[in-house]
Amino acid sequence: MNSLWPQLEPLLPHVQKPARYIGCEDGMQTPTHGPGIVSWLLTYPDTYEIGLPNQGLQILYEIINERPDGAAERSYAPWTDMEAVIRRERIPLFSVDTHRAGGDFDIIAFNLSAELTYTNLVNCIDLAGVPIHSARRADSDPLIGVGGHCTYNPEPIADFVDFVVLGDGEEAVGDITELVREWKVAGKNSGTREGLLRELSKLPGVYVPSMYEVEYDGAFLAGVTPRYSDVPATIEKRTVADLGEWPYPKNQLVPMTEVVHDRLSVEVFRGCTRGCRFCQAGMITRPVRERPAEQVSRMISEGLQRTGYDEVALTSLSTADFSGIESVVKNAVSDKGTDQISVALPSLRVDAFTVGIAAEIQRARRTGLTFAPEAGSWRMRQVINKLIREEDLYGAVESAFSQGWRRMKLYFLTGLPTETDEDTLGIAELARNCVKLGKTHKSSASVTVSVGGFVPKPFTPFQWFGQNTESELQRKIGLLRDDTRRSKGVQLKWHDPKATLAEGITSRGDRRLGPVIEYVWRHGGTFQEWSEHFSYELWLEAMAANDCDVDWYVYRHRTEDEVLPWDHLSAGLHKDFLWQDWRDALDELGLEDCRWTPCYDCGACTGYGIEHRVASATPPAGGSQGTGVDLSSGGSVPVVLQPRPKIDAGAVGS
Amino acid sequence: MKNDNVKLRICFDKHGKIRFTSHRDVARIWERTLRRASLPVAYSEGFSPRPKLSFGLALSTGHESDAEYLDIELDPDRTDLAMDLESLATELSGHLPVGMHVTDMAFVDRRTPSLQETVTSCIWQIDVVDVDADTVARAVARALAAEDLVVTRERKGKQVTDDLRPLVLSLDVIGPIEADDAGSVAGVRLLAELGTQPRAVRVAELLAALDPPLTERRVVRLHQWITNDDTAERSDPLSAAVSPAPAGAM
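Residues numbered from 1 in each chain as written. Chains lettered and ligands numbered in written order. Predicted model: local features only at pLDDT ≥ 70, side-chain atom pairs only at ≥ 80, totals over all residues.

Participant: Which parts of the structure should I look at to understand the overall build of chain A?
Facilitator: Each helix and strand in chain A was counted, giving 20 helices and 21 strands. Relative to the compact-globule value of 26 Å for 654 residues, chain A shows a C-alpha radius of gyration of 24 Å, a close match. Across the 654 residues that make up chain A, the buried fraction comes to 56%. Across chain A, the fraction of contacts at a sequence separation of at least 24, relative to all contacts at a separation of at least 6, is 78%. (Helix = DSSP H or I, 4+ residues; strand = E, 2+ residues; numbered from the N terminus. Rg over C-alpha atoms; globule rule 2.2 N^0.38 Å. Buried ≥ 20, exposed ≤ 12 C-beta atoms within 10 Å, placed from the backbone. Contact = placed C-beta atoms within 7 Å.)

Listed below in structure tokens is the structure:
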């Protein structure tokens, strides 16, 4: 019923990769819709290949569909050829599950993981036949919601969305469903949408931008304040206390066509306390919440059996820090009784212990190893609090080459606070030294250096830092290019500084950027994440046309007393903690991982009455990334210990 | 290297939405399906071991089929040659996506030449649209009467001309068809037998070579045939290859 499939089917032979529009995934659901059921269209504003593997959307897809009052389907941004076809044929954005029109859903909810997808967000709303501005929507229009890491500063997209979910969505989607159901059952009567939005704004973790007044003091923001007394002044993020209670996705979707990360994913923990100062994910997802090791092992073995995948990724912000890593890896590798299963650790810690684990699990297919030292000098790494000593890196690299790897990838950032040319060139020096180590094992040893321009993010100690200009980033990349030109075995890759600038515009912008995003979209600027579609000139033109100054928004250092566009939102972190950490950064002072040291009172645990939930009070072998931390103080810190499964101590690594 | 792997030949179909998956997609679907059924598939040696599967002639993305074939090599030490292939077929179909089923399978001699080498022709049901039956009939008659049907295509950056005519083994107009629930729309149905050696003629290039060119809508591969050069007898890739050795398999 209501399926657009008969209209879509004859069009599919005329578009590239038609399989991305058919659904048919293993694990796909075809929920029943009805008067008492709140329907969600979970949308990823980029292609199917990028969006399908997104675990956040898959988790919510299952949780909503398990509810008797919920129905969830999925949608992805149609590629430009498909968009042209459906616009011509007047077919709206559709779900891939039952090919239902976007406008027929009660809620269209987007996952926002990257700022450059904002124009696709607007495009998808428009394709669904919904007015792009929240203020213009009728009572019967779908509600537009967003979640994901970018929404910690939702101000640039505030005009386009009805509600924002901060933090973990597992519980919030249920609360929202209940409120929307009441409204739907009552008939979505004319004039009631405003009332619903006001009720939504009172839900923990839910931010309704239209319920807030924004005041400016000249160019500066004076404040974002509630328009009504019952609307909260500060919106706290949602945090799921125990990941063990949420073993999702239970039926990970298996696509019928190729996608990125085409493998089983099991999330082993959420949160990170390494305290890397550039890393927004590490800051906003605190505290650390580990999944019980037995549950991880069960999700791996059941997941592999169900999906038929031969690869599983253990996901988190630093998987080698997972205290159950040894037992989980051992089980995963031995469980199937075959050496054809490989385990991927997408975020490796830089030390020999980690390489030992990698060697254990990549017996089947040994691809490449990726490390992220992030900066080229010890001084710089103290500033950013990525406390890897050179001997840690060389130890890891030596260990990897000696165990048969021939290629290595190193990730770095440039444009970091206080960065000098010496720091930048340190990247090339590190890479050359790694190649030198590799050559003693294999003459074909090579190292790929991938350099990205640093974009300061909200809720990090670097949120006050003025981003390097586009030309400064170009200069630094030029330095590296010149310096590595004759370095055999070092291959340099870099992220386009122009795209870094566009990310910078939206990363810390305020509501005055809404028209800028709209301008870029209206001038055809979709798929800005894709280099072939990214248009630097369009962004500059849009900024100029709307009297927004790039210098002011992107390159300017903020002061301590400045009201930031996200000050009315909270990731649990105290602003004075972040400011202190920013001062510490400038003083080149490193801060140890608080999982195994006393608390720094960042606010994330204490504010929510949650504690780090780890399986061990002692840090994993390999130490705290060479911080030289006295690790004996582990027991005195606020951690909840999970029962730890017995493992064979000599099994892996160390 | 000694290879005494057991070879299993599978015939399967592909209909409905899943027909928009590519040949590569289908290969990956099969790899997962076989792992889910825990079949002891043999793997290649080397740095990046791959399961030993070999597919027959690629089916164009968007086309349906009643007759797709796949050869699987199984580890002889872990393969029970007396296994019940009917129940295995049911199990595999259960793991395949909606629209794909195993329709037949048998152990074949491991020296059986590949599907690519031995299949000589395919039967295609081709529905064309936006055209009346008379025009189709005239286009077909012209093609059959022609001495050659020359097409030009790009191959490795060079223009290559081919004559399709010898590979058009038969081409018949079945007649007008009405729209139905099974996915057919109003149009004209053709039945074609197209040769595959030395290369397989694609339906799209045949239709483009007709005068006037025709627009395909629904295309179904109905059969793949192996014609014996000496006897001119036609058999399908399964019955042609069933080996006497693991008798009673299916």
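Now that the structure has been shown, we can carry on.
Participant: Looking at this model, I keep getting lost on the overall build of chain B. Mind explaining?
Facilitator: Summing up its helical and strand segments, chain B has six helices and eleven strands in all. In terms of principal-axis extent, the alpha carbons of chain B reach across some 60 × 40 × 40 Å. Looking at the 250 residues of chain B, the share that counts as buried comes to 33%. When contacts within chain B are restricted to residue pairs at least 6 apart in sequence, those whose partners lie at least 24 apart make up 75%.

Participant: Sorry, what's going on with the domain arrangement of chain B here?
Facilitator: Residues and elements named next belong to chain B. By domain assignment, chain B separates into domain 1 (6–116 + 236–241) and domain 2 (118–227). The gap between the C-alpha centroids of domain 1 and domain 2 is 27 Å. Facing 16 residues of domain 1, the contacting portion of domain 2 comprises 15 residues. Every element with two or more residues in the side of domain 1 that touches domain 2 is listed here: β3 (64–74) and α6 (237–241). Take the side of domain 1 that touches domain 2: its biggest share by element is five residues, from β3. Split by residue class, the side of domain 1 that touches domain 2 holds eight nonpolar, five polar and three charged. (Domains from an automatic or database assignment. Nonpolar A, V, L, I, M, F, W, Y, C, P; charged D, E, K, R; others polar.)

Participant: Even after reading the chapter, I still don't get the nonpolar core, so can you show me in this structure?
Facilitator: Among soluble globular proteins, nonpolar side chains are generally buried collectively. Within the largest apolar cluster, 221 residues are counted, with the highest numbers of intra-cluster contacts made by A:Val312 and A:Ala431. Broken down by element, the residue count for this core peaks at seven residues, all from helix α14 (residues 421–439) of chain A. When residues are assigned to domains, this core turns out to be shared by domain 1 (6–116 + 236–241) and domain 2 (118–227) of chain B, each giving three or more. When near neighbours in sequence (up to four residues on either side) are disregarded, A:Ala431 contacts A:Leu410, A:Val447, A:Val449, A:Thr484 and A:Val490. The next biggest cluster of nonpolar side chains, apart from the first, holds 21 residues, and it includes B:Leu164, B:Val168, B:Val188 and B:Leu206. (Core = buried A, V, L, I, M, F, W, Y, C linked by C-beta atoms within 7 Å.)

Participant: Explanation requested: the pairing of strand β2 (residues 70–76) of chain A in the structure shown.
Facilitator: Strand residues, when the strand is regular, have side chains that alternate between the two faces of the sheet. Residues and elements named next belong to chain A. Taking burial as the measure, the seven residues of β2 include seven buried ones, the bulk of the element. Covered by surrounding structure in β2 are Gly70, Ala72, Arg74 and Tyr76 together with Ala71, Glu73 and Ser75, the residues of both alternating faces. Sheet topology note: the strand β1 (residues 38–44)/β2 ladder contains seven bridges and is parallel. When the sheet's bridge partners are listed, leucine 41 is paired in β2 with glutamate 73. (Pairing = 2+ DSSP bridges.)

Participant: What's the story with the interface of chain B and chain A in this structure? I'm lost.
Facilitator: When the parts of a complex come together, some accessible area is lost, and that lost area is often taken as the interface size. If you look at the interface, chain B gives 18 residues, while chain A gives 19 residues. Residue composition of the side of chain B that touches chain A, by class: seven nonpolar, six polar and five charged.

Participant: Any chance you could explain the environment of A:Ser39 here in plain terms?
Facilitator: Residues and elements named next belong to chain A. Structurally, serine 39 is set in strand β1. Judged by the 24 C-beta atoms lying within 10 Å of it, serine 39 falls in the buried class. Along the backbone, serine 39 and threonine 177 are 138 residues apart, and their C-alpha atoms lie at a distance of 8.5 Å. The contact partners of serine 39, leaving out residues within four places of it in the chain, are His33, Ala71, Phe105 and Asp106.

Participant: What exactly am I supposed to notice about the environment of B:Phe55 here?
Facilitator: Relative to the helices and strands, B:Phe55 resides in strand β2 (residues 53–55). C-alpha separation for the pair B:Phe55 and B:Met105, spaced 50 residues apart in sequence, amounts to 14 Å.

Participant: For this particular structure, what's the right way to read the sheet that holds strand β18 (residues 490–494) of chain A?
Facilitator: Picture the strands of a sheet paired through backbone hydrogen bonds; they go either parallel or antiparallel. Residues and elements named next belong to chain A. One open sheet holds the four strands; their spatial order is β15-β16-β17-β18, and the pairing between them is parallel. With partners counted over all chains shown, the strands left at the sheet margins are β15 (369–374) and β18, one partner each. Sheet twist, expressed as the mean angle between neighbouring strand axes with direction ignored, is 25°. Most of the contacts of α14 go to strand β17 (residues 446–453), to which it runs at about 160°, and overall it touches β15, β16 (407–414), β17 and β18. Those strands touched by helix α15 (residues 470–484) are β16, β17 and β18, and its axis lies near 165° from that of β18. (Axes fitted to C-alpha atoms, helices over the stretch in contact; angles between N-to-C directions.)

Participant: Just to check I follow, could you spell out the packing of helix α6 (residues 172–185) of chain A against helix α7 (residues 193–201) of chain A for this structure?
Facilitator: When two helices pack together, their arrangement is captured by the angle between the axes and the distance separating the axes. All names here are of chain A. Running from amino to carboxyl end, α6 crosses α7 at an angle of 160°, the nearest separation of the two axes being 10 Å. One finds that α6 runs roughly antiparallel with respect to α7. Between α6 and α7 lies a crossing of right-handed hand. Across the interface between the two elements, Ile176, Leu179 and Trp183 of α6 pack against Leu196, Glu199 and Leu200 of α7. Among the residues making up the contact of α6 with α7, the classes are represented as five nonpolar, no polar and one charged. (Parallel < 35°, antiparallel > 145°, perpendicular 65-115°, else oblique. Left-handed = near helix turned anticlockwise from the far one by under 90°.)

Participant: Teacher, can you tell me more about the confidence of the model for chain B here?
Facilitator: In regions of low pLDDT, the predicted coordinates are not meant to be interpreted in detail. Residues and elements named next belong to chain B. Confidence in the prediction of chain B, expressed as mean pLDDT, is 91, and 93% of residues score 70 or more. Throughout residues 244–250 the model reports pLDDT below 50, and contacts reaching past four residues in sequence, or to other chains, amount to eleven contacts. Here the predicted complex carries an ipTM of 0.91, next to a pTM of 0.93. (pLDDT = per-residue confidence, 0-100.)

Participant: Would you take a moment to explain the sheet that holds strand β5 (residues 163–165) of chain A for this structure?
Facilitator: Residue and element names in this part refer to chain A. If you walk across this open sheet you meet the six strands as β2-β1-β3-β4-β5-β6, and the pairing is mixed. Among the strands making up the open sheet, the edge pair consists of β2 and β6 (206–207). In the sheet, β5 pairs with β6 via two bridges, with the strands oriented antiparallel. Of the residues in β6, the one forming a bridge with valine 164 is tyrosine 207.

Participant: Explanation requested: α6(A) in the structure shown.
Facilitator: The α-helix advances 3.6 residues per turn, and as a result positions three or four apart in sequence lie on the same side. All names here are of chain A. Spanning 14 residues, α6 covers 20 Å between terminal C-alpha atoms, matching the ideal 20 Å at 1.5 Å per step. Considered for burial, the residues of α6 that qualify are Ala172, Val173, Ile176, Thr177, Val180 and Trp183. End-on, the buried residues of α6 take up no more than an arc of 130°, which puts them together on one face. Phi for glycine 187, located one or two positions after α6, is positive at around 105°. (Expected span 1.5 Å × (residues − 1). Arc of directions from axis to C-beta.)

Participant: Quick question: what am I supposed to make of helix α18 (residues 536–545) of chain A here?
Facilitator: Residue and element names in this part refer to chain A. When we look at burial in α18, the residues that qualify are Trp539, Ala542 and Met543. The arc that holds the buried residues of α18, viewed along the axis, is 100°, so those residues lie on one side. Facing away from the buried side of α18, by more than 90 degrees, are the exposed residues Glu537 and Ala545. Residues of α18 that are buried make contact with α16 (497–507), α17 (514–522) and α19 (550–555). Where α18 terminates, the next one or two residues include aspartate 547, which has phi positive at roughly 55°.

Participant: Quick question: what am I supposed to make of the confidence of the model for chain A here?
Facilitator: Residue and element names in this part refer to chain A. The share of residues in chain A with pLDDT of 70 or more is 92%, and the mean pLDDT across the chain is 90. In this model, residues 622–639 is a region of pLDDT below 50 whose contacts with residues beyond four sequence positions or in other chains number 52 contacts. Note on residues 643–654: pLDDT is under 50 here. Beyond four places in sequence and across chains, it has 26 contacts.

Participant: Please clarify how unusual backbone geometry should be interpreted in this entry.
Facilitator: Across residues other than glycine, the phi torsion is negative in most instances, and most of the peptide bonds are trans. Following A:Tyr248, the chain continues to A:Pro249 via a peptide bond in cis, the omega torsion being -10°. Relative to the elements of secondary structure, A:Pro249 occurs in the loop between β9 (235–236) and β10 (264–267). A cis geometry characterises the amide bond from B:Asp211 onward to B:Pro212, with omega recorded as 0°. Following the sequence through the fold, B:Pro212 ends up in the loop between α5 (203–209) and β10 (215–227). If you check the backbone angles, B:Ala232 has positive phi at about 60° while not being a glycine. Residue B:Ala232 is classed as exposed on the basis of its 7 C-beta neighbours within 10 Å.

Participant: Just checking my understanding: could you explain the pairing of strand β7 (residues 212–217) of chain A for this structure?
Facilitator: Residue and element names in this part refer to chain A. Sheet analysis places β7 next to strand β8 (residues 220–226), joined by six bridges and oriented antiparallel. Paired with aspartate 217 across the bridge in β8 is phenylalanine 220. Once β7 ends, the chain turns through two residues before running back antiparallel as β8, passing glycine 218 with a positive phi of about 65°.

Participant: Could you clarify how one ought to interpret the packing of α15(A) against α16(A) in this entry?
Facilitator: Residues and elements named next belong to chain A. The contact between α15 and α16 brings their axes to 9 Å, and the two run at 145°. Judged by the sense of rotation from one axis to the other, the crossing of α15 with α16 is right-handed. For the pair α15 and α16, the contacting residues are Glu470, Leu473, Gln474 and Ile477 in the first and Pro497, Lys498, Thr500 and Leu501 in the second. Residues that form the contact of α15 with α16 fall into these classes: four nonpolar, two polar and two charged.

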